[in-house]
Structures are given as C-alpha cells and as structure tokens.
Amino acid sequence: MLVASFECSETSKLQNSKLFKVFCLVGIVGFGACVPKYRIKAGEIASVWGEDARRIEDGLGILEKSVPALDEDAATLAVEASRNALVYSGISAKEIGAVFVGSESHPYAVKPTATIVAEAIGAAPNLTAADLEFACKAGTAGIQCCMGMVASKMIKYGLAIGSDTSQGKPSDALEYSASAGAGAFIIGSDKESVAVIEDTFSFTTDTPDFWRRPEAEFPSHGGRFTGKPAYFKHVTSAAKGLLEKTGTAPKDFDYVVFHQPNGKFPRMVAKMLGFEEAKLSPGLVTPVIGNTYSGATMIGLAAVLDEAQPGARIFVTSFGSGAGSDAFVINVTDGIVEKRKKGVKTVKEYIEDKHYLSYALYVKHRRKLKSL
Amino acid sequence: MKSGSALTWRLIPNRYRLIGSHCETCKENFFPTRPVCPSCRRKGKMVEKKFKGEGKIYSFTTVQVPPEGFELEAPYVLAIVELSEGPRVTAQVVDCSENDLGFGTPVEMVFRKIQEEGKEGLIHYGFKFKIKK
Ligand SMILES: [Zn+2]
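Residues numbered from 1 in each chain as written. Chains lettered and ligands numbered in written order. Predicted model: local features only at pLDDT ≥ 70, side-chain atom pairs only at ≥ 80, totals over all residues. Heavy atoms only, no water.

## A few points about the packing of aromatic side chains
Then step 1. For the structure on display, the rule yields 20 aromatic pairs over all chains.
Then step 2. Judged by centre distance (5.0 Å) and plane angle (85°), the ring pair of B:Y16 and B:F111 falls under edge-to-face. Note that B:Y16 is positioned in helix α1 (residues 5-17) and B:F111 in strand β7 (residues 106-116), a separation of 95 residues in sequence.
Then step 3. For B:Y16, a relative accessible area of 8% gives the class buried.
Then step 4. Seen in terms of ring centroids, B:F111 and B:Y125 are 5.6 Å apart; in terms of plane orientation they differ by 10°. Their pairing is stacked. Separated by 14 residues along the polypeptide, B:F111 in strand β7 and B:Y125 in strand β8 (residues 123-131) bring together distant segments of the chain. Considered together, B:F111 and B:Y125 belong to a single accessibility category, that of buried residues.
Then step 5. Feature note: the residues A:Y231, A:F232, A:F265 and A:F319 constitute an aromatic cluster, connected by ring pairs.
Then step 6. Looking at A:K41, its charged tip hangs above the ring of A:Y356, at a distance of 4.4 Å from the centre. (Phe/Tyr/Trp six-rings, centres within 6.5 Å; stacked < 30°, edge-to-face > 60°. Helix = DSSP H or I, 4+ residues; strand = E, 2+ residues; numbered from the N terminus. Buried < 20%, exposed > 50% of the residue type's maximum accessible area, 1.4 Å probe, protein only. Lys NZ or Arg CZ within 6 Å of the ring centre and 35° of its normal.)

Structure follows, in structure tokens:
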C-alpha cells in the first residue's frame, strides 16, 4: 500500500472552514486538456453490428466518443495538453524538472513518449523524463511521482500527463467506449498553485481484469469480472482509505471525479460511497467523449477545475486495470481566478468543437482494415 | 520527407518548436533556420528565434493525389501560412476542409505526426496548422 503523508499544519482548520488560504506542500500550478475533434455516435457503431442503439446508450451511458485524426497519437495529444497547461501556469518550460507520460498506447514500444513531449514544449534537455504504464491510471501515478519530487525539493515543477488513443476490437463492447484524449498537470509548490493537493492514497493488487500481450493488437478483458472485483473494489478501497486518512466524509466535498470507463460505473461507485450525483456530473465526460483511458480521470479533473471556485474541495479517484486506484483530496485556491483569465481552451470547449464521422471513415481513422 | 535519423534529429527544433533565425543587423526573421542573412551577408548577425506559431493563410490548395506515405490522409489541405513575425511556411492545415478557409484566415500551430516510416521505422512529428478560433 502506497501512503504518501504530507505534514499539513492547518489540516484541521481546513476541515472546519472553507475560508482557508495556504496549507500543504504541493499542488497544481497549471493544467490542460486535449480532445480530438472527431466523434462517432454509439448509434452509428451499433447500426453496423445490428445492435439496438438505445440499449447501448442506456447500458453503457455513452452517447458518442472521440476519435483521433490520422495524424494524432498519444504523443501529439500529450503535447497539446501540455502546451495548454504551460500557458495556464505561466511558468517557463525550462523550469520543469520532470516529465512523466502515462499511456497504454505509447507510439513506440521502445522510445519514450516523454522525450518527444519534453522536446516539443521546450523543457529539454535539463530534466528527467519517463513513460509510465498502468492501464488507465498511469497519469495519476505520474502526478504522485511529481508530488514526491516537488515536496522533497528535487525539482521545482513536474509535468504529469495521461494520454491515450485506445482501441477496441470491432464489435467488442469496448468499441463503443475506447476513445482518445489527454490531460496534463503541472505540479509545483502550494504557494503558486491553483489547487492544493492535500493528500493522496493508493490501493493496488494483482487482478487480471484487462490486459494486452505485446503481440496482440487489441486488449482482452474479463467481461463481467471487470466490474466488482476490479473497478468497484479498487476505487472504493482507495477512496475509503483516503477519506479515513484525511478524516473527511463525502459531504465535505463539492466535486467528485472517478475513473470513467463508461457513463455507468462512476455513477454507481458515487452512490456506493455516498457522493451525490450533482457533485459527479461536472467531471463526468465519458458520456460525450468516451473512455480516454489514461486521460479519463485527468480530463474529468480538468473539467472540474475549469469551473470550480476558490475554496471548493474535490475528491478524485482513478482506476487502472491490473489493478489499482489513486485517490486525491484537492482544494481550489484563490489563485485560480486570475489564471483562468488566460483563456486556455477548456474541456467544455474541446467537447463542443466536434465533427462526426461515419463508421466507414472511423475505420480509416483507426486503421482497422488489414492493409492500413 | 523520408530521411535518416541524423537529418530528422537536426530538424527537431524547427519542426517541434518553430525555431528559426533573426538578423540583428536588418531585423529580418527567417524560417527555417538560416546560417547567413541573405541581405546583410557578412555584416549580418544571426540569432536563434522562436516563432509564436500564429499566422494567417496566404494561399491554400487541397491535395487529392498525395505523394507516397500520405495516401491515407488525402484529401488534405496544404497551405502557405504567413507567420505573424513575417516568414511564410508551407504546411498542412488540419481538422478542416478548404471550404472552411479563405485568404487571411487566422491559424495557429499544432503538433502532429507528419509521416511514419512504415510499421517499423521512425515516426516524424512536427508543426501543422489549424484554424484559430
Ligand atoms: Zn540581415
């Protein structure tokens, strides 16, 4: 069990009042998202396989999903999200001491995506960089790496990205959800943060719910096994662990973000833990962009930070198959008001900027034909 | 465009970050990088310059019959973009069709895949443009 403990002298004060200023050691200095422009409707996919569109939409809670352009991959989405985060933060890329890119669709098997991102944003060469893999939670694992490095003063700023262009086998249930997107977070000291990360807690086991061997083009999954022993067990365990560690309860939070493989699981887990639906919906983007895998929790959190006011408290729990969850308690500071004025493209603006594809064009975009 | 690792590597500052040149003598900007100022010659003093990545459409066309390696992407829009700092560059304009473009349409730089050398070779990345909203 990974337990990062941060000394927060004013934690107790923070629990009793929303009128607080500065507390812990690290936080989010800037953030950005990226969602490709192309979409395909669940109904369009359903019609190809003779499925009932309404049954799919209701069953999965997904109306449409994002599809990458032919020249987009996990690296290009990561670069665009990171450039947005840099503009938002106002810091110089040269001050970034670490770049971690979490993905399960890194463009190369050997050749780090993090090097491409670091070079493209102008952070190279004086920094450390690495790619991370943990199914859909590799991005939040990157946030934790950056938290430790910033808190120990190894680096001034760290950049953690979750980015994926995920694939589902044609006609598999995953085909309705597997989509593309990225979220990037610059972690730095609490004093310049737009949101302070009060604490984090993780829960990890060896659970074979979803996997892909090196030679396989598409992932395999344990069907119904992906639910109870995987997603629900890990998300609830990490969430309960952090609630207990921080002495908080669901009622203390204004927003909650869960990993969102579909539109249904996060709603169910919110109910199980006692978070009201109204706190979940601002960060629930899967119904309109699909499951962006490593990007999912990150984009959900970015959507919340796009609208949250100073003093708001956010509870976040990611999930990665295999399996594990990272939970965070995040408190929005006054600093967010000024930085929001920079006009960085919001998650909502990315969601609304869309162009629909037919299934035929979608097949071309995802190179699902043998000869492509 | 297909090229060895060394050439690809040398072009990274140009392609990834729009690094060009500026002549401190005549104040002119150049993209891509130039070692010598064509106007000032030996009197010129060239320094590295990072372009902002904003510009407007100077001219454009749709490529229907693409060169090798770009078959999947056709039809695509190719344009000459005048950067706000002066130089003109030729690049693809993504996520649009030519019906969305006009002369002077404002565009901004995006980072995209330019070409893949088959399934085993290098992936070349670099700047393209999209319409600035
Ligand atoms: Zn000159």
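## Some thoughts on the interface of chain A and chain B
Buried accessible area, meaning the area lost when the parts come together, often serves as the stated size of an interface.
Then step 1. Contact with chain A, which involves 24 residues of that partner, is made by 23 residues of chain B.
Then step 2. Summed over both sides, the interface between chain A and chain B buries roughly 2,000 Å², with carbon and sulfur atoms accounting for 51% of that surface.
Then step 3. A per-residue breakdown of the area chain A buries against chain B is headed by A:D71, A:Y108 and A:E119, which together make up 28% of the total.
Then step 4. At the boundary of chain A with chain B, the tally comes to seven salt bridges.
Then step 5. With a shortest N-O distance of 2.9 Å, B:R112 and A:D71 are connected by a salt bridge.
Then step 6. Here chain A is connected to chain B by 14 residue pairs in polar contact (both at pLDDT 80 or more).
Then step 7. Mapped onto the side of chain A that touches chain B, the elements with two or more residues apiece are α4 (74-89) and α5 (113-120) of chain A. (Contact = heavy atoms within 4.5 Å. Buried area = accessible area lost by both parts, 1.4 Å probe. Salt bridge = Lys/Arg side-chain N within 4 Å of Asp/Glu carboxyl O. Polar contact = N/O pair within 3.5 Å; in protein donor to acceptor, adjacent residues only side chain to side chain.)

## A closer look at the packing of α5(A) against α1(B)
Then step 1. Viewed as axis vectors pointing N to C, α5(A) and α1(B) meet at an angle of 70°, and their least axial separation amounts to 9 Å. With respect to their mutual orientation, α5(A) and α1(B) come out roughly perpendicular. Note on element contacts: α1(B) touches α5(A) through B:I12, B:Y16 and B:R17, opposite A:I116, A:E119 and A:A120.
Then step 2. Looking at the contact of α5(A) with α1(B), its residues break down into four nonpolar, no polar and two charged. (Axes fitted to C-alpha atoms, helices over the stretch in contact; angles between N-to-C directions. Parallel < 35°, antiparallel > 145°, perpendicular 65-115°, else oblique. Nonpolar A, V, L, I, M, F, W, Y, C, P; charged D, E, K, R; others polar.)

## A short note on the pairing of β8(B)
Residues and elements named next belong to chain B.
Then step 1. Judged by how many residues are buried, β8 sits mostly within the fold: eight of nine residues are covered.
Then step 2. Bridging between β7 and β8 involves nine bridges; their strand directions are antiparallel. Paired with E108 across the strands is K130, a residue of β8.
Then step 3. Linking two consecutive strands that pair antiparallel, namely β7 and β8, is a turn of six residues; a positive phi of about 60° is found at G118 within it. (Pairing = 2+ DSSP bridges.)

## Looking at the sheet that holds strand β4 (residues 64-67) of chain A
Residues and elements named next belong to chain A.
Then step 1. What the three strands build is an open sheet, ordered β4-β3-β15; its pairing is mixed. Because the sheet does not close on itself, it has two edges, and the strands there are β4 and β15 (355-356).
Then step 2. In this sheet, β4 lies alongside strand β3 (residues 38-41) in antiparallel orientation, the contact comprising four bridges. Along β4, the bridge assignment pairs K41 with E64.

## Focus: the coordination of the zinc ion
All names here are of chain B.
Then step 1. C23 (SG), C26 (SG), C37 (SG) and C40 (SG) make up the full set of protein donors to the zinc ion, lying at 2.3 Å.
Then step 2. Between the four donor atoms coordinating the zinc ion, the angles at the centre fall across 102 to 115°, so the site counts as tetrahedral.
Then step 3. Of note, the zinc ion draws all its donor residues from one chain, in the sequence arrangement C-x2-C-x10-C-x2-C. Within this pair, whereas C23 is found in strand β1 (residues 19-23), its partner C40 is found in the loop between β2 (29-30) and β3 (46-50), the two being separated by 17 residues in sequence. (Donors = N, O, S within 2.8 Å, 3.2 Å for Na, K, Ca; no water. Tetrahedral: all angles 85-135°; square planar, octahedral: opposite > 155°, others 65-115°.)

## Some remarks on the nonpolar core
All names here are of chain A.
Then step 1. Residues I28, F185, I187, L305 and I314 are the most contacted members of the largest nonpolar core, which totals 81 residues.
Then step 2. Here this core gets eight residues from one element, more than from any other, and that element is α4.
Then step 3. Ignoring sequence-local partners within four residues, the contact set of I187 consists of V26, G27, I28, V29, I143, C146, M147, V150, K156, Y157, G158 and I197. (Core = buried A, V, L, I, M, F, W, Y, C linked by side-chain atoms within 4.5 Å.)

## Quick look at the pairing of strand β4 (residues 54-63) of chain B
Residues and elements named next belong to chain B.
Then step 1. Here three bridges tie β4 to β7, and the two strands are oriented antiparallel to one another. Directly across from K56, in β7, lies its bridge partner P106.
Then step 2. Where β4 and strand β5 (residues 76-83) come together, eight bridges link them in antiparallel fashion. Looking at β5, one finds that T62 is bridged to V77.

## Quick word on the confidence of the model for chain B
Then step 1. Model confidence for chain B is summarised by a mean pLDDT of 94, while 98% of its residues fall at 70 or above.
Then step 2. Scoring of the predicted complex yields 0.93 for pTM and 0.94 for ipTM. (pLDDT = per-residue confidence, 0-100.)

## Digging into the packing of helix α7 (residues 227-246) of chain A against helix α8 (residues 265-273) of chain A
Residues and elements named next belong to chain A.
Then step 1. Axis separation between α7 and α8 bottoms out at 11 Å; the angle between their running directions is 50°. Between α7 and α8, the crossing angle belongs to the class labelled oblique. The chirality of how α7 crosses α8 is right-handed. Residues G227, Y231, F232, V235, T236, A239 and K240 of α7 form the contact with α8, whose own contacting residues are F265, P266, M268, V269, M272 and L273.
Then step 2. Broken down by class, the residue content of the contact of α7 with α8 amounts to ten nonpolar, two polar and one charged. (Left-handed = near helix turned anticlockwise from the far one by under 90°.)

## Overview of the side chain of A:S66
Residue and element names in this part refer to chain A.
Then step 1. For S66, the position within the fold is in strand β4.
Then step 2. Classification of S66 as buried rests on a relative accessible area of 1%.
Then step 3. In terms of polar contacts, S66 uses its side chain to reach the backbone carbonyl oxygen of A180, at 2.6 Å.
Then step 4. Every residue in contact with S66, bar those within four places of it in the chain, is listed here: V35, P36, Y38, R39, S179, A180, I289 and T292.

## Re α1(B)
Residues and elements named next belong to chain B.
Then step 1. Counted at 1.5 Å a residue, the expected span for α1 with its 13 residues is 18 Å, and the 18 Å between its end C-alpha atoms agrees.
Then step 2. At L11, α1 shows its strongest bend, of approximately 50°, with the proline P13 following within four residues.
Then step 3. Within the span of α1, buried status applies to T8, I12, N14, R15, Y16 and R17.
Then step 4. Positioned one or two residues after α1, L18 has a phi angle of 55°, which is positive. (Expected span 1.5 Å × (residues − 1). Bend = angle between axes of the 7 residues up to and from the residue.)

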